[in-house]
Amino acid sequence: MSDAAFATLMHAQPMVPQVAHVRGRRKDTPDAWTLDLELANGARLIYAPGQFNMLTAFGVGEAAISVSGDPAGGPLIHTIRAVGPVSRALTALEPGDPIGVRGPFGVGWPMAQAEGKDVLLVAGGLGLAPLRPALYRLLGERARFGRVTLLFGARTPEDIVFRHEVESWRARFDIDVDVTVDHAASEWHGHVGVVTTLISRATFDPCNALAMICGPEVMMRFVAMALVEKGFGEDAIYLSMERNMKCAIGHCGHCQLGPTFICRDGPVFTYAQLKRFLAIKEL
Amino acid sequence: MENLERILAAHPFFAGLDGEFCTLACGCAKNARFDAGQFICHEGDSADQFFLVREGRVALQVSAPGRGASTFLTLGPGEVFGVNWLVPPYRWTYDAKAIAPTRAISMDAACLRNKCEANHSLGYDVMKRLMPVLVERLHTARVQMLDLYGARG
């Protein structure tokens, strides 16, 4: 099946999982694995940075997982943290095992709006996974963007996801990469402290910059507040939200946040859109 | 001394400090250098110095039996450490270790305390500079304690 025909099919039948097979499996951190998937019909899933798929562990359940691969090509890649029954089943899949894929869903990162601007990516923990497609796009079309900076916070040095790739990005001259961890043994000679402490060390023009943030909600809130303090406009700060997504097409209401459905209207929103709701406890 | 006064005034912690205050504070200051791997202070030692980092990086660490030293914060140029100089019993509550060749301004704690006591305007100015640092450190420590990237993050 052609890629275009497959995209049409997925659009027409968004609730029907397509069968794919695991082609590769890598352990990224003590509790996160990356799966390379190949659709059984041979088509390639076309997606935008920041979009997600619903992945099915057959016989167990379905979970919303952001695409973490390169949107320009290559296998369909997802990086999954084993925290619940479904994600544990997904991360236990071996090469050759079948897996269900629905998607892609949602509104991704604002790549077009970022053109000509300094781009600041702030990732916390596994939040680097949904940002990685955006980073591939930024680096792949580097001349279209101003200064590109990645600030990344992890729990410990062992929890740095995509460690080798982060090192390779650090070695490049066309991107600034700063990494910090919350806790470290004395052998670690990198930064220790929360990711917001890296912001004051980063160079960007807040009047012509755009920020993309992904990580735990509390972390994103504090990062957004710190960026506003640095002069960023609230509509120039984008956050990728996570909620309990079920249908992924805005019908079931499980992921409703205020007047929006995270699955359909997001998961990427501006801070201006979300600020009011982020302040409401238990929402 | 004039040179040190200029260096002190150029450090973000003392940015915009009144000239008279700067001269007063400078009387308590001296340059310090540390090699990578060198301990600057140890937990329990007398906190008789307060450091303003100019270059390099410093790790603040706490050791636990059987776990070795854990770094809970690293600091770089423009940052300060050693605020225990201000609060009795003036003891360091952590180890500080240079993890890169580091240059700093070392403030004599007793000297600065005495000057702040004698000149409350200077003391208030120093407090206003110190409080945001402490509030920020408290905030980041709280966030670290939340263990946001852990399984429940």
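Just so it is clear, the structure is predicted and the values come from calculations on it, not from any experiment.

Calculation criteria
- Along each chain, residues carry numbers from 1 onward, in the same order as the chain's sequence is written.
- Naming scheme: in the order in which they are written, chains are lettered from A and ligands are numbered from 1.
- Reporting of local features is limited, given that this is a predicted model, to residues whose pLDDT is at least 70; pairs of side-chain atoms are given and counted only at 80 or more, and all residues count toward the totals for whole chains, interfaces and linings.
- Water and hydrogen atoms play no part in the side-chain values, which are based on all heavy atoms of the structure.
- The source of the domain bounds is an automatic or database domain assignment.
- Residue contacts follow a heavy-atom distance rule, with two residues in contact if any of their heavy atoms lie within 4.5 Å.
- Buried area: the accessible area, evaluated with a 1.4 Å probe, that two parts lose upon being put together, summed over both parts.
- Salt bridge, as used here: a side-chain nitrogen of Lys or Arg that lies within 4 Å of a carboxyl oxygen of Asp or Glu.
- Runs of H or I in DSSP of at least four residues are treated as helices and runs of E of at least two as strands, each being numbered from the N terminus.
- The definitions used throughout rest on a 1 Å grid laid over the protein atoms alone, on which a cavity is an enclosed set of points accommodating a 1.4 Å probe that cannot get out and a pocket is an open set flanked by protein within 12 Å on both sides along at least five of seven lines; lining residues are those having an atom within 4 Å of a point.
- Grid points are joined across faces, edges and corners, and a volume is the space filled by probe spheres set on the points.
- Residues were grouped as follows: Ala, Val, Leu, Ile, Met, Phe, Trp, Tyr, Cys and Pro as nonpolar; Asp, Glu, Lys and Arg as charged; and all remaining residues, including Gly, as polar.
- Within 3.5 Å is the distance limit for a polar contact, defined as a pair of N or O atoms, with the added protein rule that one can donate a hydrogen and the other accept it, and that residues adjacent in sequence qualify only through two side-chain atoms.
- Helix axes are fitted only over the stretch in contact, all axes being lines through C-alpha atoms; the angle between N-to-C directions runs from 0 to 180 degrees.
- Put simply, a crossing is left-handed when the front helix is turned counterclockwise from the back one by less than a right angle, and right-handed when it is turned clockwise.

With that settled, the discussion passes to the domain arrangement of chain A. Residues and elements named next belong to chain A. Looking at chain A, the domain boundaries give domain 1 (3-104) and domain 2 (111-278). One C-alpha centre belongs to domain 1, the other to domain 2; they are set 22 Å apart. At the interface, 24 residues of domain 1 touch 21 residues of domain 2. Summing both sides of the interface, domain 1 and domain 2 together bury roughly 1700 Å²; the carbon and sulfur share of this comes to 67%. Inspection of the domain 1/domain 2 interface yields zero salt bridges. Elements represented by at least two residues in the side of domain 1 that touches domain 2 include exactly strand 1 (18-29), strand 2 (32-39), strand 3 (52-57), strand 4 (61-66) and strand 5 (76-81). With four residues, strand 5 is the largest single contributor of residues to the side of domain 1 that touches domain 2.

Gaps left between atoms are located by rolling a probe of water-molecule size over the structure's atoms. What the second largest pocket holds in volume is close to 830 Å³. Mapped onto the lining of the second largest pocket, the elements with two or more residues apiece are helix 6 (217-229) of chain A together with strand 5 (68-75) and helix 4 (120-146) of chain B. Class assignment of the residues belonging to the lining of the second largest pocket gives a composition of 12 nonpolar, eight polar and six charged.

Now for the interface of chain B and chain A. Taken together, the contacts link 22 residues of chain B with 25 residues of chain A. Overall, the association of chain B and chain A removes approximately 2100 Å² of surface from exposure, summing both partners, and the carbon and sulfur fraction of that is 54%. Our count for the chain B to chain A interface comes out at two salt bridges. In this structure, the salt-bridge partner of E79 of chain B is R201 of chain A, at a minimum N-O distance of 3.2 Å. Where chain B touches chain A, the interface holds eight residue pairs in polar contact (both at pLDDT 80 or more). Of the residues forming the side of chain B that touches chain A, the biggest block, six residues, is contributed by strand 5 of chain B.

Now for the packing of helix 4 (residues 128-140) of chain A against helix 5 (residues 163-170) of chain A. Two quantities define a packed helix pair, namely the angle between the axes and the distance from one axis to the other. Residue and element names in this part refer to chain A. Relative orientation of the contacting elements helix 4 and helix 5 amounts to 35°, with a least axis distance of 13 Å. As helix 4 packs across helix 5, the resulting crossing turns out to be left-handed. Contacts between helix 4 and helix 5 involve L128, R132, L135, Y136 and L139 from the former and E165, V166 and W169 from the latter. When the residues that make up the contact of helix 4 with helix 5 are grouped by side-chain class, the tally is six nonpolar, no polar and two charged.

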